[in-house]
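Architecture and fold: a report
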Amino acid sequence: MLNMADGLARLGALAADPVVRTLADAFAAQDFELAVVGGPVRDALIGRPTHDLDFTTNASPDEILAIVKPIATAHWDIGRAFGTIGARVQGEQVEITTYRADSYDGVTRKPTVEFGDTIDGDLVRRDFTVNAMALQVPAVKLVDPTGGVEDLITGVLRTPTDPKVSFGDDPLRMLRAARFSAQLGFAIDDATQDAIAELRETLKIVSPERIQGELIRLMQTEDPVRGIRVLVDTGLIEEFLPEVSALRLEVDEHHHHKDVYEHSLTVLQQAIELEHARHPGAEPDVALRIAALLHDIGKPRTRKLEPGGAVTFHHHDVVGSRMARKRLQSLRFDGETTDAVARLIELHLRFFGYAEGTWTDSAVRRYVRDAGELLDRLHILTRADVTTRNRRKAARLATAYDDIEARIATLREQEELDAIRPELDGNQIQEILGIAPGREVGEAYRFLLELRLDEGVLGPDAAEQRLRDWWASRS
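Residues numbered from 1 in each chain as written. Predicted model: local features only at pLDDT ≥ 70, side-chain atom pairs only at ≥ 80, totals over all residues. Heavy atoms only, no water.

Right, let's get into the packing of helix H14 (residues 286–294) against helix H20 (residues 375–384). Two numbers describe how H14 lies on H20: the axes approach to 10 Å, and their chain directions differ by 35°. Viewed along their axes, H14 and H20 form a crossing whose handedness is right-handed. Residues Ala 287, Leu 288, Ala 291 and Ala 292 of H14 form the contact with H20, whose participating residues are Arg 377, Ile 380 and Leu 381. (Axes fitted to C-alpha atoms, helices over the stretch in contact; angles between N-to-C directions. Helix = DSSP H or I, 4+ residues; strand = E, 2+ residues; numbered from the N terminus. Left-handed = near helix turned anticlockwise from the far one by under 90°. Contact = heavy atoms within 4.5 Å.)

Shown next as C-alpha cells:
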C-alpha cells in the first residue's frame, strides 16, 4: 500500500539528486520547464530503486542540446528526430525529450512526430497512468493528470485514455501491460484487459525485435508467471509464442496426465527460486527462464493415448528443442540464447534415467560432456522440473540429484572433467600411427574420446597402446 507521506518524501529526495538538480538549474536559468517523467517518478512513489532518469521539457531539441553541452561530459542526438537528446551528466546517462503530441497511422506503428506545448498533453499520450506522472523541478511539483497516484494506491494498470485508442496507437503496449503487471504486481483493469483480447491481432504490425525486447524484460521480472498468465488469458501470446498456450492439453475421463501448462509455470517459478539460491545477486538468467517455460512444448505434438488410460510423450524433449529453436529464431533472439534454450530443452530429461538406477562414471562423464557450459543451468532446470506432490518421490529425486552433483564434483577434481578430451591430440595420433591428416585421424580421435569417457584418465602411455591395438584391429 502506497504511503503518500513517504512517497512525497522520496520525490523530494529524487528532486535533490545531484544529476536532477544540475539539469533543473540549467534549464531554469534559460527559462525552460523540466520534469522527471515516467518510471523514476512511479518507482520513487512506491519505494522501488530508480533507474535511467528520463526528462521532458518545453525546450526544442536544439535548445536542449545547447543547455546540456556545458554540463555534460558526453552528449548524443541520435533521437533528435523524435525530440530526444541524450547526455552523460555527473557520470549518469540521461535522456531529455521535448513535449510530444504524436499521432499514429494505425498501420506501421511509426508515429507522426509532433511536438506539444504542455506537460499534461505529453503525459496523456503515455502507456499507463502509473507511468504518466511527472515531477517538475526545481519546483518539486507532482503532475498527475490521469490519476496515476490513485492507481498506484489500488495496484491497478490502466491506460490514460480509451485502451482501444492507446493500444491502437502502439500495440506493443499490450505486451507492456503484461510486463508491468509482473514487475509491479498490479492487476489490469477490466476495460484494459478486454481491449488486449479484442486487439491482440494488431500485434502483427510490431517488429519481432520489439516483441523480443518486451519478452526479455518480462522474463527478467521477479514474477514472470503473472505476466504470462495475462498473455495466455487474453490470447495475446497466440500472436508470438503460441506454443505456451498449446500446453493447456485437454484431459478426458479415461486418459489422465499432469496439467502441462500449470506444470510449466511451476517449473519456471522453481527455476527462479533455485537461480536466486545458487547465484544470489546475479542478473536474471533469461535463457534459463525461457527454457524452463518452454521445456515441455514438444508434448502436444508427441502426445499419445495408450490403452489402459496412460498418456505418453515420447521424444518430446527432442521435438520441443526444435520447436523452441524455430520460435526464438523467428523472434530474432541471438544465437547464443537460442542455442542455450534449445540445448537445455533437449537435455532436460537426461537425468531421470539416473534416478532409476545409479549411473556408471562413464555415464556421468557423458552427462557433463553433453551439457558443457550449460551444466549449472541444467542442474537448475532438472531440479525445477520436479513438481510432484508425492513427497516420497520428490525426496527420492532430490537425493538422486544431490548424488549426481557430488559425483560430478569428485570426478571434476580427479579428472579435469570440464575439459574432457582424448589424452592424445591429432598431431600425436598422426605420429604414432604414421598417417597423414584426414578421415582416419578423426576416427582415431573419436575412439580415444570414447575411451576417455568410458574409462576416465588412462595416462599417455596406456592411451598410446590402446590406440595401437585399435589400429591393428582394423587391418
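Now that the structure has been shown, we can carry on.
So, about the sheet that holds strand S8 (residues 134–137). Here seven strands make up an open sheet; going across it, the order is S3-S4-S5-S2-S1-S8-S9 and the pairing mixed. Of all strands in the sheet, those with a lone pairing partner are strand S3 (74–76) and strand S9 (141–143), marking the two edges. When strand polarity is set aside, the average angle formed by the axes of neighbouring strands in this sheet is 30°. Where strand S2 (residues 54–57) and strand S5 (residues 92–98) come together, four bridges link them in parallel fashion. Looking at S5, one finds that Thr 56 is bridged to Thr 97. Relative to the sheet, helix H3 (residues 39–46) contacts strand S1 (34–37), S2, S8 and S9, its axis offset from that of S1 by approximately 65°. (Pairing = 2+ DSSP bridges.)

Glancing now at the confidence of the model for the protein chain. With 92% of its residues at a pLDDT of at least 70, the protein chain reaches an overall mean of 88. Mean pLDDT across the elements of the protein chain ranges from a minimum in strand S6 (residues 103–104), with 58, to a maximum in H14, with 98. (pLDDT = per-residue confidence, 0-100.)

Turning our eyes to something else, we now look at helix H22 (residues 426–433). For H22, the set of buried residues is Ile 429, Gln 430, Ile 432 and Leu 433. Packing partners of the buried residues in H22 comprise helix H23 (439–455) and helix H24 (460–474). Its side-chain oxygen placed 3.2 Å from the backbone nitrogen of Asn 427, Asp 425 serves as the N-cap of H22. Immediately beyond the C-terminal end of H22, within one or two residues, lies Gly 434, with a positive phi of roughly 65°. (Buried < 20%, exposed > 50% of the residue type's maximum accessible area, 1.4 Å probe, protein only. Polar contact = N/O pair within 3.5 Å; in protein donor to acceptor, adjacent residues only side chain to side chain.)

A separate point is empty space enclosed by the protein. One pass over the full model with this rule turns up two cavities of 30 Å³ or more. Its volume calculated, the largest cavity comes out at about 40 Å³. In this structure, the largest cavity is lined by Pro 422, Glu 423, Leu 448, Leu 451, Arg 452, Gly 456, Leu 458 and Ala 463. Ranked by residues supplied to the lining of the largest cavity, first place goes to H23 with three residues. Roughly 40 Å³ of internal volume is contained in the second largest cavity. (1 Å grid on protein atoms, 1.4 Å probe; cavity = no way out; pocket = protein on both sides within 12 Å on 5 of 7 lines; lining within 4 Å. Points joined across faces, edges and corners; volume = space filled by probe spheres on them.)

Before going further, it helps to spend a moment on unusual backbone geometry. In this structure, the amide linkage connecting Val 137 to the following residue, Pro 138, adopts the cis form with an omega of 5°. Here Pro 138 shows up in the loop between S8 and S9. Even without a glycine there, the phi angle at Asp 31 is positive, about 65°. What makes Asp 31 exposed here is its relative accessible area of 70%. If you check the backbone angles, Val 140 has positive phi at about 60° while not being a glycine. Taking the relative accessible area as the measure of exposure, Val 140 reaches 42% and is therefore partly exposed.

Time to look at the packing of H22 against H23. Angle between the axes and distance between the axes are the two parameters that describe a pair of packed helices. Two elements in contact, H22 and H23, have axes separated by 10 Å at closest approach and are oriented at 110°. In terms of orientation, H22 and H23 fall into the roughly perpendicular class. Residues Gly 426, Ile 429, Gln 430 and Leu 433 of H22 form the contact with H23, whose own contacting residues are Val 441, Ala 444, Tyr 445 and Leu 448. The residue inventory of the contact of H22 with H23, partitioned by class, reads six nonpolar, two polar and no charged. (Parallel < 35°, antiparallel > 145°, perpendicular 65-115°, else oblique. Nonpolar A, V, L, I, M, F, W, Y, C, P; charged D, E, K, R; others polar.)

On to the side chain of Glu 243. Tracing the chain through its elements places Glu 243 in helix H12 (residues 242–245). Taking the relative accessible area as the measure of exposure, Glu 243 reaches 12% and is therefore buried. Polar side-chain contacts of Glu 243 include one of 3.0 Å to the side chain of Arg 327. The residues contacting Glu 243, other than those within four sequence positions of it, are Ile 297, Met 323 and Arg 327.

Attention shifts here to the pairing of strand S4 (residues 84–89). Burial analysis of S4 places five of its six residues in the buried class, the great majority of the element. Note: S3 against S4, three bridges, orientation antiparallel. Looking at the pairing, Trp 76 lines up with Gly 86 of S4. Strand direction decides the pairing type here: S4 and S5, joined by six bridges, are antiparallel. The residue of S5 that forms the bridge with Val 89 is Glu 92. Hairpin connection from S4 to S5: two residues lie between these consecutive antiparallel strands, with Gln 90 at a positive phi of about 50°.

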